[in-house]
Amino acid sequence: MKYKHGFWAGILSRAVIGLSLASPMQADSEDLHVIQGGPAYFDIGLGAFNAAGVSPGRGYTNDTLPELDLEYQTASKLFGVGALYGIIANTRGGFMGYTGFYSDIACDHWVLTPVLAMGGYNQRNGKYLDGTFQFRLELRKLLKKS
């Protein structure tokens, strides 16, 4: 556990950065701001595990597999940060359940949604991730309605 202090320092610094992004922003234009409220969302996504074809190490292979992603983002937010819950499953039985935080940042006609989550992964015949406990980082970019 020689990396214990560095690990927690990294988590703490990311939390501070996230909270600073969630507070109301001061910018030169009125277009950049954190969306404080809004409706709850249920997202359904289709994609691919290991779309880049990355090998986890000698002796392991990870095929590119179709995946299904179901995610619920709560409507209630504290300082612009809301909770989310989700599950990802691939066609070989691998799945991950996760929970975390998100924020919506509006800029002109775009909405950026950074996501930080953690969860548990069950490999079955799916992608090898070298452990059950996993983190999920995500950044979405959406076009706002005019």
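Reading guide: rules and limits
Residues numbered from 1 in each chain as written. Predicted model: local features only at pLDDT ≥ 70, side-chain atom pairs only at ≥ 80, totals over all residues. Heavy atoms only, no water. Patch = residues over 30% accessible without salt bridge, like charges linked within 9 Å, V, L, I, M, F, W, Y side chains within 5 Å. Areas by Shrake-Rupley, 256 points an atom, 1.4 Å probe, with all protein chains shown as cover. Salt bridge = Lys/Arg side-chain N within 4 Å of Asp/Glu carboxyl O. Helix = DSSP H or I, 4+ residues; strand = E, 2+ residues; numbered from the N terminus. Buried < 20%, exposed > 50% of the residue type's maximum accessible area, 1.4 Å probe, protein only. Polar contact = N/O pair within 3.5 Å; in protein donor to acceptor, adjacent residues only side chain to side chain. Contact = heavy atoms within 4.5 Å. Core = buried A, V, L, I, M, F, W, Y, C linked by side-chain atoms within 4.5 Å. Pairing = 2+ DSSP bridges.

Q: Summarise a nonpolar patch on the surface; cite the residues concerned and give the values.
A: Together, Phe 42, Ile 44, Leu 46, Leu 68, Tyr 72 and Tyr 85 line one region of the surface with nonpolar side chains, adding up to about 680 Å² of accessible area. Of all the elements in the fold, those that place two or more residues in the nonpolar patch are strand S2 (41-49) and strand S3 (65-78). Structurally, Leu 68 is set in strand S3.

Q: So what's going on with the side chain of Asp 104? Which residues, and what values?
A: Topologically, Asp 104 is positioned in the loop between strand S5 (95-103) and strand S6 (105-107). Residue class for Asp 104 comes out buried when judged on its relative accessible area of 9%. At a separation of 3.1 Å, a polar atom in the side chain of Asp 104 contacts the side chain of Lys 77. A distance of 2.8 Å separates polar atoms of two side chains, one belonging to Asp 104 and the other to Thr 113. Discounting chain neighbours no more than four positions away, the residues touching Asp 104 are His 33, Val 34, Ile 35, Lys 77, Gly 80, Val 111, Leu 112 and Thr 113.

Q: Now, about the nonpolar core: what can you tell me, with residues and values included?
A: With 10 residues, the main nonpolar core is built from Phe 49, Leu 65, Leu 84, Ile 88, Met 96, Tyr 98, Tyr 102, Val 115, Ala 117 and Tyr 121. Going through the elements one at a time, strand S4 (81-90), S5 and strand S7 (110-122) are the ones with two or more residues in this core. Setting aside residues up to four positions removed in sequence, Tyr 102 forms contacts with Gln 73, Thr 74, Lys 77, Gly 80, Val 81, Gly 82, Ala 83, Leu 84, Thr 113, Pro 114 and Val 115.

Q: An account of unusual backbone geometry is needed here, citing residue identities and associated values.
A: Its identity is not glycine, yet Phe 79 carries a phi of approximately 55 degrees, on the positive side. Looking at where Phe 79 falls in the secondary structure, it is placed in the loop between S3 and S4. Look at Asp 108: it is not a glycine, yet its phi comes out positive at around 55 degrees. Within the element layout of this structure, Asp 108 appears in the loop between S6 and S7. On the basis of relative accessibility, which here comes to 42%, the residue Asp 108 falls in the partly exposed class.

Q: So what's going on with the pairing of S7? Which residues, and what values?
A: For S5 and S7, the ladder comprises 8 bridges, and the chain directions are antiparallel. Within the sheet, the bridge partner assigned to Gly 100 lies in S7 and is Ala 117. The pairing of S7 with strand S8 (residues 133-143) spans 11 bridges and is antiparallel. Bridged to Thr 113 within S8 is Arg 140.

Q: Before we move on, can you summarise the environment of Val 81 with the specific residues and values?
A: Following the sequence through the fold, Val 81 ends up in strand S4. A relative accessible area of 21% means that Val 81 is categorised as partly exposed. Val 81 sits 45 residues away from Gln 36 along the chain, and the two C-alpha atoms are 7.8 Å apart.

Q: Go over the pattern of salt bridges with me, naming the residues and quoting the values.
A: Under the counting rule described, the total for this entry stands at 1 salt bridge. Between Asp 104 and Lys 77 there is a salt bridge; the shortest N-O distance is 3.1 Å. Placement of the pair is Asp 104 in the loop between S5 and S6 and Lys 77 in strand S3, with a sequence separation of 27 residues. As far as the burial class goes, Asp 104 and Lys 77 line up, both buried.

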